[in-house]
2 protein chains.
Amino acid sequence: MKIQVLRLSHRFDRDTRITTHVCLTARAFGAEKVYFSGDKETSIIDSVEDVVKRWGGDFQIEYTKNHIKIIKEWKNKGGEVIHLTMYGEQANEIVNEIKKSNKDKLIVVGGSKVEIDVYEKADWNVSITTQPHSEVSSLAIFQHLLTDGNEFNLKFDGAKLQVSPMAKGKRLNVKK
Amino acid sequence: MKIQVLRLSHRFDRDTRITTHVCLTARAFGAEKVYFSGDKETSIIDSVEDVVKRWGGDFQIEYTKNHIKIIKEWKNKGGEVIHLTMYGEQANEIVNEIKKSNKDKLIVVGGSKVEIDVYEKADWNVSITTQPHSEVSSLAIFQHLLTDGNEFNLKFDGAKLQVSPMAKGKRLNVKK
């Protein structure tokens, strides 16, 4: 099962760090690619690609003008779409149903205003708690639930930087 | 077991939305209070208090000039301190040890540069994956693990706004 993430309607400057954190969370929790729509802020692409270069793996980031097209193409290729929204069904109740099929998953996380078309095209609209918090925390929890906590087992090939976990202090291994 | 969160070294403007998302995540996942240090950006206090007023519960937010003092006082009162850092021990390996005691927990999430004193005063330095991602996702996953996913069962008293989970569409109940 392939996991990709679609971040809707990025806004220049205002969303820069949140969108970057969405991308890095997607990668750290095992997605292979993120698309973002809205404002084409290329510095986000640069900073995510810089993380990939240093921390390994082959995570990709791509800007799209048309996020509905990405959703349609995903479904046409037989993949499933999960839209994370505070209005959706509770993740803990629905995740086992979502895990039943091994089809590729596109996880959609909202921007400021999400058009009704996204709710309708999604196979599932899923909520993490129905309380307001963050697309970053929602994405992390959903990927965690979808993969049974597999984020702790991932390996990132070709990493130049790698942390050795420690009870106190910092150990960062640097490969040349 | 009481859970509170301490957000270190907030920076005016640059961190506004990330710190706000940290606060809202803390609340949605069952913390009762958040402290933040660094720049005293009062608009964050206003926007978090506005969410509490509308969405219920009695979550509190407080600015502190001295985060080391908060950590010391917490420990003096018999509480335990968990510092979330990518350099720490992996959460999945250490969380059962942390859950053994029912002592109150202060979860510390970093800012730009965290002084070594925080690593040393913490009872545990804990990492979510040892990859770079976000203090928002780290906090959500750690609270999820610490409370066995209890975020999905929380009730927020006195809420004016409440979502009814739906497969398609939005239903927001408004109490007057």
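Quick summary incoming for the structure in this document.

In the contact formed by helix 6 (residues 135-146) of chain A and helix 6 (residues 135-146) of chain B, the axes pass within 8 Å of each other and the chain directions differ by 50°. By the angle between their directions, the pair helix 6 of chain A and helix 6 of chain B is classed as oblique. Pair helix 6 of chain A / helix 6 of chain B crosses with right-handed handedness. Contacts from Val136(A), Ser137(A), Ala140(A), Ile141(A), His144(A) and Leu145(A) in helix 6 of chain A reach Val136(B), Ser137(B), Ala140(B), Ile141(B), His144(B) and Leu145(B) in helix 6 of chain B.

This paragraph deals with the pairing of strand 5 (residues 105-109) of chain B. Residues and elements named next belong to chain B. Along strand 5, five of the five residues are buried, which leaves the element largely enclosed by surrounding structure. Residue alternation in strand 5 divides its side chains into two sets, Lys105, Ile107 and Val109 and Leu106 and Val108, and both sets are buried. Across five bridges, strand 1 (residues 3-10) lies against strand 5 in parallel orientation. Each bridged residue has a counterpart across the sheet, and for Arg7 the counterpart in strand 5 is Val109. Sheet topology note: the strand 4 (residues 80-90)/strand 5 ladder contains five bridges and is parallel. Bridge assignment links Leu84 to a residue of strand 5, and that residue is Val109. Following the backbone out of strand 4, through helix 4 (residues 91-99) and into the adjacent parallel strand 5, one traces a crossover that is right-handed.

Once that is clear, we can look at the sheet that holds strand 3 (residues 60-63) of chain B. Residue and element names in this part refer to chain B. The parallel open sheet is built from six strands, whose spatial order is 3-2-1-5-4-6. In this open sheet, the two strands that pair with only one neighbour each are strand 3 and strand 6 (124-127). Here the strands of the sheet are splayed against their neighbours by 30° on average, with no regard to which way each runs. Across the face of the sheet, helix 2 (residues 42-55) comes into contact with strand 1, strand 2 (33-38) and strand 3 while running at roughly 175° to strand 3. Lying on the sheet, helix 3 (residues 67-76) is in contact with strand 1, strand 2, strand 4 and strand 5; it crosses strand 1 at an angle near 160°.

In this structure, Lys33(B) sits in strand 2. Of note is the side chain of Lys33(B), whose polar atom sits 2.6 Å from the side chain of Glu62(B).

A few words now on the nonpolar core. In terms of nonpolar packing, the biggest core is built from 74 residues, with Val126(A), Phe142(A), Val126(B) and Phe142(B) touching the most fellow members. With near-sequence residues (within four places) excluded, Phe142(A) lies in contact with Ile82(A), Leu84(A), Val95(A), Ile98(A), Ile107(A), Val126(A) and Ile128(A).

Let us look at the environment of Lys75(B). Residue placement: Lys75(B) occurs in helix 3. Apart from the residues within four sequence positions on either side, Lys75(B) is in contact with Val81(B), Lys121(B) and Asp123(B).

Moving on, we come to the interface of chain B and chain A. Counting from both sides, the interface comprises 52 residues of chain B and, opposite them, 52 residues of chain A. With both sides pooled, the region where chain B packs onto chain A buries about 4,600 Å², and carbon together with sulfur makes up 65% of that total. Of all residues in chain B, the largest losses of buried area upon contact with chain A belong to Arg17(B), Tyr87(B) and Phe152(B), amounting jointly to 17% of the total for that side. Between Asp15(B) and Arg17(A) there is a salt bridge; the shortest N-O distance is 2.5 Å. Remark: the boundary between chain B and chain A carries 23 residue pairs in polar contact (both at pLDDT 80 or more).

Quick notes on the rules
Residues numbered from 1 in each chain as written. Chains lettered and ligands numbered in written order. Predicted model: local features only at pLDDT ≥ 70, side-chain atom pairs only at ≥ 80, totals over all residues. Heavy atoms only, no water. Axes fitted to C-alpha atoms, helices over the stretch in contact; angles between N-to-C directions. Helix = DSSP H or I, 4+ residues; strand = E, 2+ residues; numbered from the N terminus. Parallel < 35°, antiparallel > 145°, perpendicular 65-115°, else oblique. Left-handed = near helix turned anticlockwise from the far one by under 90°. Contact = heavy atoms within 4.5 Å. Buried < 20%, exposed > 50% of the residue type's maximum accessible area, 1.4 Å probe, protein only. Pairing = 2+ DSSP bridges. Right-handed = clockwise from strand over helix to strand, strands pointing away. Polar contact = N/O pair within 3.5 Å; in protein donor to acceptor, adjacent residues only side chain to side chain. Core = buried A, V, L, I, M, F, W, Y, C linked by side-chain atoms within 4.5 Å. Buried area = accessible area lost by both parts, 1.4 Å probe. Salt bridge = Lys/Arg side-chain N within 4 Å of Asp/Glu carboxyl O.

So yeah, pure geometry; function would need other evidence.
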